[in-house]
Amino acid sequence: MSELIFSARTKYSDVYINQHENELHLKFDADSRAVQSVIDINQPYSIKMENLQYLMGILMFIPPPEKILILGIGGGTLVHFLRHHFPDSQITGVDLDQELIDIAQQHLMLPPASDNTHYVYQDAQQFISQTSQLFNLVVVDIFDGSESPGWIKTRQTAQQLSTILTAKGAVAYNLLIESDKEFAHFYAQLREQFNQQTLCLESDENENILIYALNFQPAQHSLTHNIQLAQQASRQYSIPMTDILKVIYSINPVDSGVI
């Protein structure tokens, strides 16, 4: 049984928070089944939504990130997760809706700003074009209604993201793209920008497309070795990394980049 415990209207969206047993669900449409964030009251650092679990599959392919940029904070699922697993890392979250972040801190247990957790209330496109910082991991998790904003899918944005990555950095995209043609065009540009070091996968539970783009060429390993790494990562992050790896191998040709 789900109970509405909070609702409000910010400058940019309607906000509804429902409690379902020990979970808090953030929605932007009271009548829609689409849930934006799920926070476990007892373990807020756990990831319940499959598309975000798949998004964090990128951790199998990069060194532990010391500087993390999250574009699109929402209910704060990824802030919770990354803050828990990388307590010494610097996390910068960028979101245009300051009222939403205030609500998340009050009602969704979003960690407050601190010496190593920073919130920037700014348009993400503007932020990446202006920042002089370098990041080990950039997470792109921004939606405009039922689709990813057009600017995220441009060659210019891919170039800008690559310039704010460290030599061993990577970008993880959570995308909704309705047109197969549009996706193919975007993905071809992205692979060119990142020297073919990309992977894509799809979530079974929804229509999200997840993409990893690495700013470096990782060491090539056998399937057996990668399965062992996935098993270790599954235990470390409490995410089904072996299932994610199976999806990666089923979609991405071996020797086409990364695997």
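As the structure is a prediction and not an experimental result, all values here were calculated from the model. (Residues numbered from 1 in each chain as written. Predicted model: local features only at pLDDT ≥ 70, side-chain atom pairs only at ≥ 80, totals over all residues. Heavy atoms only, no water.)

Engineer: What should I look at first to understand the sheet that holds strand S4 (residues 37-40) in this one?
Structural biologist: Note: strands within a sheet are paired through backbone hydrogen bonds, in either parallel or antiparallel orientation. If you walk across this open sheet you meet the 4 strands as S1-S2-S3-S4, and the pairing is antiparallel. Both edges of this open sheet fall to strand S1 (2-9) and S4, since each of them pairs with a single strand only. In this sheet, neighbouring strand axes are inclined to one another by 20° on average, regardless of whether the strands run parallel or antiparallel. Where strand S3 (residues 23-27) and S4 come together, 4 bridges link them in antiparallel fashion. Across the sheet, Leu24 pairs through a bridge with Ile39, a residue of S4. (Pairing = 2+ DSSP bridges. Helix = DSSP H or I, 4+ residues; strand = E, 2+ residues; numbered from the N terminus. Axes fitted to C-alpha atoms, helices over the stretch in contact; angles between N-to-C directions.)

Engineer: Is there a simple way to explain the side chain of Lys27 in this structure?
Structural biologist: Summarising the element assignment, Lys27 is placed in strand S3. Lacking a salt bridge, the buried Lys27 has Asp29 as its closest oppositely charged neighbour, with an N-O distance of 6.8 Å. Only 2.4 Å separates the side chain of Lys27 from the backbone oxygen of Ser32, close enough to count as a polar contact. (Buried < 20%, exposed > 50% of the residue type's maximum accessible area, 1.4 Å probe, protein only. Lys, Arg positive; Asp, Glu negative; His and termini not counted. Salt bridge = Lys/Arg side-chain N within 4 Å of Asp/Glu carboxyl O. Polar contact = N/O pair within 3.5 Å; in protein donor to acceptor, adjacent residues only side chain to side chain.)

Engineer: Help me understand the pattern of salt bridges in this model?
Structural biologist: When the charged atoms of two side chains with opposite charge come close together, those side chains can pair. A full pass over the atoms with the stated rule returns 5 salt bridges. Between Arg9 and Asp14 there is a salt bridge, with the nearest N and O atoms lying 3.5 Å from each other. The exposure class of Arg9 is exposed, given its relative accessible area of 53%. Its relative accessible area of 29% is what places Asp14 among the partly exposed residues. Glu182 is the salt-bridge partner of Lys153, the closest N and O atoms lying 3.0 Å from each other. One end of the pair, Lys153, is in the loop between strand S8 (135-140) and helix H5 (155-163); the other, Glu182, is in helix H6 (residues 180-193), with 29 residues separating them in the sequence.

Engineer: Looking at this model, I keep getting lost on the side chain of Glu23. Mind explaining?
Structural biologist: Residue position: Glu23 is located in strand S3. Of the buried charged residues, Glu23 lacks a salt bridge, with Lys48 as the closest side chain of opposite charge at 4.8 Å. Polar contacts involving the side chain of Glu23 include one to the side chain of His25, which spans 3.0 Å.

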